[in-house]
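Each chain, written out:
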Amino acid sequence: MTKRDIAGYLGIDTKTLYSWEKNKPNLYKTVMKGLAFDEILSFTEVSYEKAKMIKEKFDNKKYKRQIYDSKRYGWVH
C-alpha cells in the first residue's frame, strides 16, 4: 500500500501523512503498525479458512479410506 493509498484510506491528504512522519513520528508509527496489524489479521483469517478446508478434507471418510487403501495396497481410488 502506498502512502497515497494510506492517506486515502484514512481520509487525509498525503501531505498530512508526510507531516506526521516528520513531525509526529509516534503517531505515524502507531498508524503504520495498526495498518500492518490489519494486514496480518486478514492474512491469518485466510490461512485459517484454508486450514479448516484441509481439515474437512482429511475428516472426509472417503479420503481416509483412500489413505488406508494406499498404505495397504498402494494408491487406490
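Worth saying up front: this structure is predicted, and the values here are computed from it rather than measured.

Observations concerning a nonpolar patch on the surface
Inference 1: Side chains of M1, Y9 and L10 sit close together on the surface and give an oily, nonpolar patch of about 370 Å² of accessible area.
Inference 2: Here L10 shows up in helix α1 (residues 3-10).

Comments concerning the nonpolar core
Inference 1: Membership of the largest hydrophobic core is limited to 6 residues, which are I6, L17, W20, Y28, V31 and L35.
Inference 2: Broken down by element, this core gets its largest block of residues, 3 residues, from helix α3 (residues 25-59).

Comments concerning the confidence of the model for the protein chain
Inference 1: Mean pLDDT over the protein chain works out to 83, with 78% of the residues at or above the 70 mark.
Inference 2: Mean pLDDT across the elements of the protein chain bottoms out in helix α4 (residues 61-73) (63) and peaks in helix α2 (residues 14-23) (96).

Some thoughts on the pattern of salt bridges
Inference 1: All told, the structure shown has 2 salt bridges when counted by the stated rule.
Inference 2: With a shortest N-O distance of 2.5 Å, E21 and K3 are connected by a salt bridge. With E21 in helix α2 and K3 in helix α1, this pair connects stretches of sequence that are 18 residues apart.
Inference 3: The class of E21 is partly exposed, set by a relative accessible area of 32%.
Inference 4: By relative accessible area, which is 24% here, K3 ends up partly exposed.
Inference 5: Of the charged contacts in the structure, one is a salt bridge between E49 and K52, with a shortest N-O distance of 3.9 Å. Of this pair, E49 and K52 both sit in helix α3, 3 residues apart, which is roughly one turn of that helix.

Parameters and conventions
- Residues numbered from 1 in each chain as written.
- Predicted model: local features only at pLDDT ≥ 70, side-chain atom pairs only at ≥ 80, totals over all residues.
- Heavy atoms only, no water.
- Patch = residues over 30% accessible without salt bridge, like charges linked within 9 Å, V, L, I, M, F, W, Y side chains within 5 Å.
- Areas by Shrake-Rupley, 256 points an atom, 1.4 Å probe, with all protein chains shown as cover.
- Salt bridge = Lys/Arg side-chain N within 4 Å of Asp/Glu carboxyl O.
- Helix = DSSP H or I, 4+ residues; strand = E, 2+ residues; numbered from the N terminus.
- Core = buried A, V, L, I, M, F, W, Y, C linked by side-chain atoms within 4.5 Å.
- Buried < 20%, exposed > 50% of the residue type's maximum accessible area, 1.4 Å probe, protein only.
- pLDDT = per-residue confidence, 0-100.

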